[in-house]
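If you want the building blocks of each chain, they are given just below.
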Amino acid sequence: MGVLVACTLPGVLTFALPMSVLVGILISLGRMSSDGELVALRATGTSVRRMLSPVMAFGTAGALLTLAMTIWLGPAAARRFSDLEAKFRASQAGYEIQPRVFEERFPSFILYLQDVERGGTHWKGIFLADTSARDPSRITLAEQAVVVNEPTTGRLQLHLAGGASHEYSDREPERYQISTFSISDLAISVGSGTTAGQRARRLPEFGLQELWHQRRGAAWRAASVELYRRFAFPGACLVFALVALPLGAHAHKAGRALGFVLTLLLISVYYLIFILGVGAARQGQIPPAWGVWLANAGFTLVALLGLAGMERVPREESWWEELEEKWLSVRRFLRRLRRRGALAVAGGSSLAAYQPAVGFPWLIDLYIVQSFLYPFVILLLGFVVLFNTFTFFELLDDIGKHQISWVVVASYLLYLTPRWVYLTTPLSAMVAMLVSFGGLTRSNEMTAMRSSGISLYRVSVPILLCCGALAAGLFAL
């Protein structure tokens, strides 16, 4: 089990490392902006563009790690995972056979069993039709059989007892041969190429040289998409570093929360463009290189425009400033609620802090609910976006192989979203609760509440009510 989990890590890290580069740079530069350190650097004559060197060095380190994942570790892990999966299927093939069902999973046989006993190793009433040779045809019937799995060879060894073989030919109807036996041995293959040496490999398991030879053959389009993808994700680390620098260096008055929202927005837009480009490339609508590198090219253009305007002071208010002002108006309203709540907690003349809450909820309850719901919504949206992204890339090979319409793919992800919401809501609620109470403790608001006689049990009531509402919603979902 540990080896299987380790084999999935390179594929996950291929998508996670570019996102980590973006989040790390935005958080670090956002902290420097909120603490006034960037202002101090500008006051000393240091240009903001001077930070391009360490930021790009960090992005290059992420790109090299991602390149190691896509070129070396990823294909090796995919091959190892497929080999283990084939070996596991071969070892469990005898236990998966269902009675009274025609099994067509075997390459050269059709199998029917009347009954299965002793954990799947003892069969009764066997019907086995050989489909490897059309003429003459052979059908084997047996009263019972003992099954032995041979995972190393990818076969099932059948020890048949009390049966007969029927052989006939369509071209010679008068020819019909029956041979009976008391004991006979027969080997059937579990699947075509189930062993490590014979198994048909998929494109993610190929090395660069194998992909280059594949792109010259009949499957050149799918191989080209996979080859360009190996270099597109390492390039995304550099692109995200360029995009994060102008965004993080801009002194957002709205605080760090907006930076986190921007991170989720940028990641969602990037992978959406990447998904659409790869889909168009696989269907032959655009060249493979254009489809795979479309997202990187678009984000690079945006990053260059942002870098060009980093040192320029706008003469009039831009659309970004208007967005910040709207965000600030919301923050001012919440800050007023916070002040009123603090007065209600710490003010000695306020009766709301000391008298029973006849008019529940208190104003401080609304403040606590707001401090809980905001990180909860952000975390939930982030988890849903990430899970849908990983699901899409897991199914990308099948989508291209079977030429599935993107309308069907989008519908599938849309109907899959409630499942991710159901699975990630408890985790999001737990993390949001930790963030909420951590913020109250860090700003000494929790101390003020306890000093005014409000217990921790009373403080947790609004969040417990929110969690109860979420539980009811999940039950309905």
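Here the structure is a predicted model, which means the values were calculated and not measured.

**Observations concerning the overall build of the protein**
Helix and strand counts for the protein come out as 12 helices and five strands. Out of the 477 residues belonging to the protein, those deemed buried represent 39%. Here the analysis covers contacts within the protein between residues at least 6 apart in sequence; of these, 64% occur between residues at least 24 apart. Surface exposure of the protein reaches about 26,400 Å², of which carbon and sulfur atoms provide 64%.

**A few points about the packing of aromatic side chains**
For any pair of aromatic rings, geometry is given as the distance between the ring centres together with the angle between the planes. Overall, the coordinates contain 13 aromatic pairs when judged by the stated rule. Look at phenylalanine 387 and tryptophan 420: their rings are 4.9 Å apart centre to centre, the planes differ by 20 degrees, and that puts the pair in the stacked class. Of the two residues, phenylalanine 387 is situated in helix H9 (residues 363-401) and tryptophan 420 in helix H10 (residues 406-442); the sequence distance between them amounts to 33 residues. You can call tryptophan 420 buried: its relative accessible area is 10%. Each member of the aromatic cluster is reached from another via a ring pair, and the members are Phe15, Phe233, Phe240, Tyr270, Tyr271, Phe274 and Phe299.

**Examining the pattern of salt bridges**
One pass over the structure, following the stated rule, counts five salt bridges. Between arginine 138 and glutamate 167 there is a salt bridge, with the nearest N and O atoms lying 2.9 Å from each other. Here glutamate 167 lies in strand S4 (residues 155-168) and arginine 138 lies in strand S3 (residues 137-150), a separation of 29 residues in the sequence. Among the salt bridges present, the one from arginine 230 reaches glutamate 226, with a minimum N-O distance of 2.9 Å. Separated by four residues within a single helix, arginine 230 and glutamate 226 lie in helix H5 (residues 220-249), roughly one turn from each other. In terms of burial, arginine 230 and glutamate 226 fall into one category: buried. Residues joined by salt bridges that share partners form a network here, namely Glu226, Arg229 and Arg230.

**Quick notes on the sheet that holds S3**
If you trace the five strands from one edge of the open sheet to the other, you get S1-S2-S3-S4-S5, paired in antiparallel fashion. Lying at the two open borders of the sheet, with one neighbouring strand each, are strand S1 (109-117) and strand S5 (176-189). Going across the sheet, the axis of each strand differs from the next one's by a mean of 20 degrees, ignoring polarity. Here S4 runs beside S5; their pairing, made up of 13 bridges, is antiparallel.

**With respect to unusual backbone geometry**
Phi is mostly negative for residues that are not glycine, and the peptide bonds are mostly trans. A positive phi is found at arginine 100, a non-glycine position, where the angle reads about 60 degrees. Given the relative accessible area of 49%, arginine 100 is considered partly exposed.

**A short note on the confidence of the model for the protein**
Taken residue by residue, the protein gives an average pLDDT of 78. The fraction at 70 or more is 78%. Across the protein, element-level confidence peaks in helix H12 (residues 456-476) with a mean pLDDT of 89 and bottoms out in helix H8 (residues 319-346) with 58.

**Looking at H10**
Compared with an ideal rise of 1.5 Å per residue, which puts 37 residues at 54 Å, H10 spans 47 Å between its outermost C-alpha atoms and falls more than 12% short. The sharpest bend along H10 reaches about 45 degrees and sits at threonine 424, with the proline proline 426 one to four residues further on. Measuring from the side-chain oxygen of the N-cap residue of H10 to the backbone nitrogen of valine 407 gives 3.2 Å; that N-cap residue is serine 405. Looking one or two residues beyond H10, the residue adopting positive phi is asparagine 444, at roughly 65 degrees.

**Observations concerning the nonpolar core**
The biggest cluster of nonpolar side chains holds 46 residues, and the ones touching the most others in it are Tyr270, Tyr271, Phe274, Phe392 and Phe393. For this core, the secondary-structure elements that each account for two or more residues are helix H1 (2-34), helix H3 (52-92), H5, helix H6 (256-282), helix H7 (288-308), H9 and H10. Counting residues per element, this core draws most heavily on H5, which supplies 13 residues. In contact with phenylalanine 393, not counting residues within four places along its chain, are Phe15, Phe233, Tyr271, Phe274 and Ile275. Trp362, Ile364, Ile368 and Ile454 belong to the second largest nonpolar core, which has 18 residues in total.

Each value, and the rule that gives it
- Residues numbered from 1 in each chain as written.
- Predicted model: local features only at pLDDT ≥ 70, side-chain atom pairs only at ≥ 80, totals over all residues.
- Heavy atoms only, no water.
- Helix = DSSP H or I, 4+ residues; strand = E, 2+ residues; numbered from the N terminus.
- Buried < 20%, exposed > 50% of the residue type's maximum accessible area, 1.4 Å probe, protein only.
- Contact = heavy atoms within 4.5 Å.
- Areas by Shrake-Rupley, 256 points an atom, 1.4 Å probe, with all protein chains shown as cover.
- Phe/Tyr/Trp six-rings, centres within 6.5 Å; stacked < 30°, edge-to-face > 60°.
- Salt bridge = Lys/Arg side-chain N within 4 Å of Asp/Glu carboxyl O.
- Pairing = 2+ DSSP bridges.
- Axes fitted to C-alpha atoms, helices over the stretch in contact; angles between N-to-C directions.
- pLDDT = per-residue confidence, 0-100.
- Expected span 1.5 Å × (residues − 1).
- Bend = angle between axes of the 7 residues up to and from the residue.
- Polar contact = N/O pair within 3.5 Å; in protein donor to acceptor, adjacent residues only side chain to side chain.
- Core = buried A, V, L, I, M, F, W, Y, C linked by side-chain atoms within 4.5 Å.

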